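# Observations on chain architecture
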Amino acid sequence: MDPDAIARRARRHGWTVQFSADPGVVLLRRAWRLEITFVGNAPSVARIMGSERDAGRPVNLRSINTLIRARPDEIAQRAAEATLGEPAARTEDAGP
């Protein structure tokens, strides 16, 4: 999803949108800040912060839409789900 499409969706769900100098979008809602950096039209890095002192946590890129659509009272829970742990290591099936 390109930066303009994310910005349109975020505005529909109550976020304030800022475009940053590097290719990116900053979404603000209450105390939350979601920063998304792009390479071309594809998101490459996303970080969410819950306060000014919060350094931010990396977000699974597949969770961006879930965070954008979350109600204000759900953002903390969705952020925790989007940032919990690393994906399980992939193991190859040795076969029979």
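Bear in mind that the values here come from a model prediction, so they are computed numbers and not experimental data.

### What about the nonpolar core?
Nonpolar side chains in soluble globular proteins generally cluster together in the buried interior. The biggest cluster of nonpolar side chains holds 21 residues, and the ones touching the most others in it are Trp 15, Leu 27, Leu 34, Ile 36, Ile 48 and Ile 68. Listing elements by their share of this core, those giving two or more residues are helix H1 (3–12), strand S2 (24–29), strand S3 (32–39), strand S4 (42–49), helix H2 (64–69) and helix H3 (75–83). For this core, the leading source of residues is S3, giving four residues.

### Notes on unusual backbone geometry
Of note, the phi angle at Arg 30 is positive, near 55 degrees, even though the residue is not glycine. In this structure, Arg 30 sits in the loop between S2 and S3. On the basis of relative accessibility, which here comes to 73%, the residue Arg 30 falls in the exposed class.

### Concerning the environment of Ala 10
Looking at the secondary structure, you find Ala 10 in helix H1. Along the backbone, Ala 10 and Asn 65 are 55 residues apart, and their C-alpha atoms lie at a distance of 8.7 Å. Aside from chain neighbours lying at most four places away, what touches Ala 10 is Trp 15, Val 17, Leu 27 and Ile 68.

### Quick notes on the pattern of salt bridges
Inspection of the entire model under this criterion finds five salt bridges. Measuring nitrogen to oxygen at the nearest pair gives 3.2 Å for the salt bridge that ties Arg 71 to Asp 73. On the basis of relative accessible area, Arg 71 is assigned to the partly exposed category, the value being 47%. What makes Asp 73 exposed here is its relative accessible area of 58%. Two residues, Glu 74 and Arg 78, come together in a salt bridge whose shortest N-O distance is 3.8 Å. Looking at Glu 74, the relative accessible area reads 16%, which means it is buried. Ionic contacts of the salt-bridge type, sharing partners, join the residues Arg 71, Asp 73, Glu 74, Arg 78 and Glu 81 into one network.

### Describing the sheet that holds strand S5 (residues 57–58)
The five strands lie next to each other as S1-S2-S3-S4-S5, forming an open sheet whose pairing is antiparallel. The sheet terminates laterally at strand S1 (16–20) and S5, the two strands that pair on one side only. Examined bridge by bridge, S3 and S4 share seven bridges and lie antiparallel to one another. Of the residues in S4, the one forming a bridge with Glu 35 is Arg 47. Packing against the sheet, H1 makes contact with S1, S2, S3 and S4, and its axis sits at approximately 160 degrees to S1.

Rules behind the numbers
Residues numbered from 1 in each chain as written. Predicted model: local features only at pLDDT ≥ 70, side-chain atom pairs only at ≥ 80, totals over all residues. Heavy atoms only, no water. Core = buried A, V, L, I, M, F, W, Y, C linked by side-chain atoms within 4.5 Å. Buried < 20%, exposed > 50% of the residue type's maximum accessible area, 1.4 Å probe, protein only. Helix = DSSP H or I, 4+ residues; strand = E, 2+ residues; numbered from the N terminus. Contact = heavy atoms within 4.5 Å. Salt bridge = Lys/Arg side-chain N within 4 Å of Asp/Glu carboxyl O. Pairing = 2+ DSSP bridges. Axes fitted to C-alpha atoms, helices over the stretch in contact; angles between N-to-C directions.

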